[in-house]
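Chain by chain, the residues:
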Amino acid sequence: MTSERPYGEVTDAFVDQLRGVVGDAHVRVDEDARTTYGADMLKKGHPADVVVWPATTEEVAGVLRACSAHRVPIVPRGAGTGYTGGAVPSFGGVVLALSRMHRILEIDEQNLLAVVEPHVITGDLQKAVEAVGLFYPPDPASLSTSTVGGNVAECAGGPRAFKYGVTKRYVLGLEAVLPSGEVIRTGGKSVKNVVGYDLTQLLVGSEGTLAVITKVIVRLVPLPPHQVTLRATFATIQGAVDAVTNLIRARVVPSALELIDGDSLDAVATSLGTRALAPEGTGAVLLLEVDGLEAAVREEGERVAQACRDAGATEVLVAADAVTRQELWHVRRSLSLSLRVLAPLKINHDVVVPKGRIPELFALIERLRAASPGVRIPCFGHVGDGNIHVNMMLDPSDEGALASARAAERELFAGVVALEGSISGEHGIGFSKMPFVPLELSAENMALQRRLKAAFDPLNILNPGKMFP
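Below: a short report on this structure. In this text the structure is predicted, and so the values were computed from the model without any measurement. (Residues numbered from 1 in each chain as written. Predicted model: local features only at pLDDT ≥ 70, side-chain atom pairs only at ≥ 80, totals over all residues. Heavy atoms only, no water.)

Inspection of every chain in the model, using the stated rule, returns 24 salt bridges. The salt bridge involving D139 is made with R333; its shortest N-O contact spans 3.4 Å. Taken together, the positions of D139 in the loop between β7 (134-135) and α5 (148-154) and R333 in helix α11 (residues 322-333) put the pair 194 residues apart, joining distant regions of the chain. By relative accessible area, D139 is classed as buried at 2%. The salt bridge partner of R298 is E294, with a shortest N-O separation of 3.5 Å. Taken together, the positions of R298 and E294, both in helix α10 (residues 294-310) and four residues apart, correspond to about one turn of that helix. Each of R28, D30 and D32 takes part in one network of salt bridges that share partners. (Salt bridge = Lys/Arg side-chain N within 4 Å of Asp/Glu carboxyl O. Helix = DSSP H or I, 4+ residues; strand = E, 2+ residues; numbered from the N terminus. Buried < 20%, exposed > 50% of the residue type's maximum accessible area, 1.4 Å probe, protein only.)

Rendered as structure tokens:
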């Protein structure tokens, strides 16, 4: 993080101008607000100078016009559940907190779509559309707290991405505000649209660096009528990886396919006081789900179970009822926070490789474990699409362990790129992964993307200091 301030000052007159846009009650300059909105789950950042809560697209545009006129940096923020510093300031300025824009504006059952404001909680949208027999598949682990706008900004994934894909597959259109305060609308309610450049997909995953999203049109699908959840335990990670390979070879596509290693299982058992995912001593677990018509689900569930047994599963269990199924998924979604019982510092990475190279990824992780004294490296994630969360757990006061973790971090990223993968599958770059971007992108690629950024944001005031070193 840089402490340089190549921008205009946040003066009392400027703050008064913001109050004129959104109202006195929705502008704060106190230390508590500035500090709270100066960090996300990464626990690093830079305090804001002022935090503003707009309620409408017009208010967002007014705040951005003020920032543009005074050349004050501004960072859009949703729920703050990110792990890369993407929604925190690098240079102070304004944090644009979107929590007042939380309405589901429309659920269109005939056209299979919904229109939402950016701060709608992902899990709330899922419940609302499921109540009318529809389905919004993207399901990040933080779905009970993360927002649709944040998911769009980061192109979030989740366990169901193996079958259904990530957030970008479900975004039909956007309303967004440029740094100048101009409002644009991209895409729309039709599923086909090839007029002009695809600005919708350009904004998906742009981490709030090009425009502030104020409305999202999402595609829905019919709710699958039947679901079955299976839990397969293995003595080793290799057994679980072999089962995934078996599934791919058998052309079986579960709706969810999650791998959890032994360290992660021990951590969540300690944190939650339950062994719901696996008995003590288990080396790895696969949590699988199949959905669709009942007869097809029954057959596919049997094929999934057999693929796991063929790989040496010690046990394959089917969730007996909805309560058991929900308990299994609750424990899975608690994994990330539960790792804190292993060590106080977590360096959290979400690397991804082609599915066929998953065994090589885990071989790389084993080498890192052996070469990193003082560092535990529990892993879990969406193994169905090759997206594994590699967590380096250590005591930050142990300088040797910290040095080992930083060396392992770079080796992990370089190894993943060598496996034709990516250094981030769903968390984004923010500022935490910025130094490693040249491992994956060429100088020509980065130069082109900087030119795109300049076209949207010539003053470089919107979420500056992110993505590109």
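There is more to say after this.
In strand β4 (residues 94-97), alternate side chains face the same way, and those of V94 and L96 on one face and V95 and A97 on the other are all buried. Strand direction decides the pairing type here: strand β2 (residues 50-52) and β4, joined by three bridges, are parallel. Within β4, the residue paired with V50 across the bridge is V94. Taken together, the four bridges between strand β3 (residues 74-77) and β4 define a ladder with parallel strand orientation. Bridge pairing in β4 places P76 opposite L96. (Pairing = 2+ DSSP bridges.)

Where helix α8 (residues 237-249) contacts helix α13 (residues 358-370), the axes come no closer than 10 Å and their chain directions differ by 165°. With respect to each other, α8 and α13 are oriented roughly antiparallel. When you trace α8 past α13, the crossing you get is right-handed. Two secondary-structure elements touch here, α8 through I237, V241, V244 and T245 and α13 through I358, P359 and F362. A class-by-class count of the residues in the contact of α8 with α13 yields six nonpolar, one polar and no charged. (Axes fitted to C-alpha atoms, helices over the stretch in contact; angles between N-to-C directions. Parallel < 35°, antiparallel > 145°, perpendicular 65-115°, else oblique. Left-handed = near helix turned anticlockwise from the far one by under 90°. Contact = heavy atoms within 4.5 Å. Nonpolar A, V, L, I, M, F, W, Y, C, P; charged D, E, K, R; others polar.)

You can see T282 is positioned in the loop between α9 (262-272) and β14 (284-292). You can call T282 buried: its relative accessible area is 13%. For T282, the side chain forms a polar contact with the main-chain oxygen of P279, separated by 2.7 Å. The residues touching T282, leaving out its near neighbours within four places in the chain, are T233, F234, G262 and L265. (Polar contact = N/O pair within 3.5 Å; in protein donor to acceptor, adjacent residues only side chain to side chain.)

F234, L286, L288, C308, L361, F362 and L412 are the most contacted members of the largest nonpolar core, which totals 60 residues. In contact with L412, not counting residues within four places along its chain, are H349, V351, L361, L364, L368, V390 and M392. Residues V171, L220, V221 and F456 belong to the second largest nonpolar core, which totals 28 residues. (Core = buried A, V, L, I, M, F, W, Y, C linked by side-chain atoms within 4.5 Å.)

To continue, consider the sheet that holds strand β1 (residues 27-28). The four strands lie next to each other as β1-β2-β4-β3, forming an open sheet whose pairing is mixed. Among the strands making up the open sheet, the edge pair consists of β1 and β3. Sheet contacts for helix α3 (residues 57-70): β2, β3 and β4; angle to β4, the most-contacted strand, approximately 170°.

With that settled, the discussion passes to the environment of S264. Position of S264 relative to the elements: it lies in helix α9. A relative accessible area of 0% places S264 in the buried class. Spatially, the C-alpha atom of S264 lies 22 Å from that of K355, the residues being 91 residues apart in sequence. Aside from chain neighbours lying at most four places away, what touches S264 is L335, L339, P378, C379 and F380.

Right, let's get into the packing of aromatic side chains. Two numbers describe a pair of aromatic rings. These are the distance of the centres and the angle of the planes. Using the criterion set out here, one finds five aromatic pairs in the structure. Between Y7 and F91, the ring centres sit 5.4 Å apart and the planes meet at 65°, which makes this aromatic pair edge-to-face. Taken together, the positions of Y7 in the segment before α1 (12-22) and F91 in the loop between β3 and β4 put the pair 84 residues apart, joining distant regions of the chain. In this pair, the class of Y7 matches that of F91, namely buried. (Phe/Tyr/Trp six-rings, centres within 6.5 Å; stacked < 30°, edge-to-face > 60°.)

Purely spatial values, then, with no claim about function.
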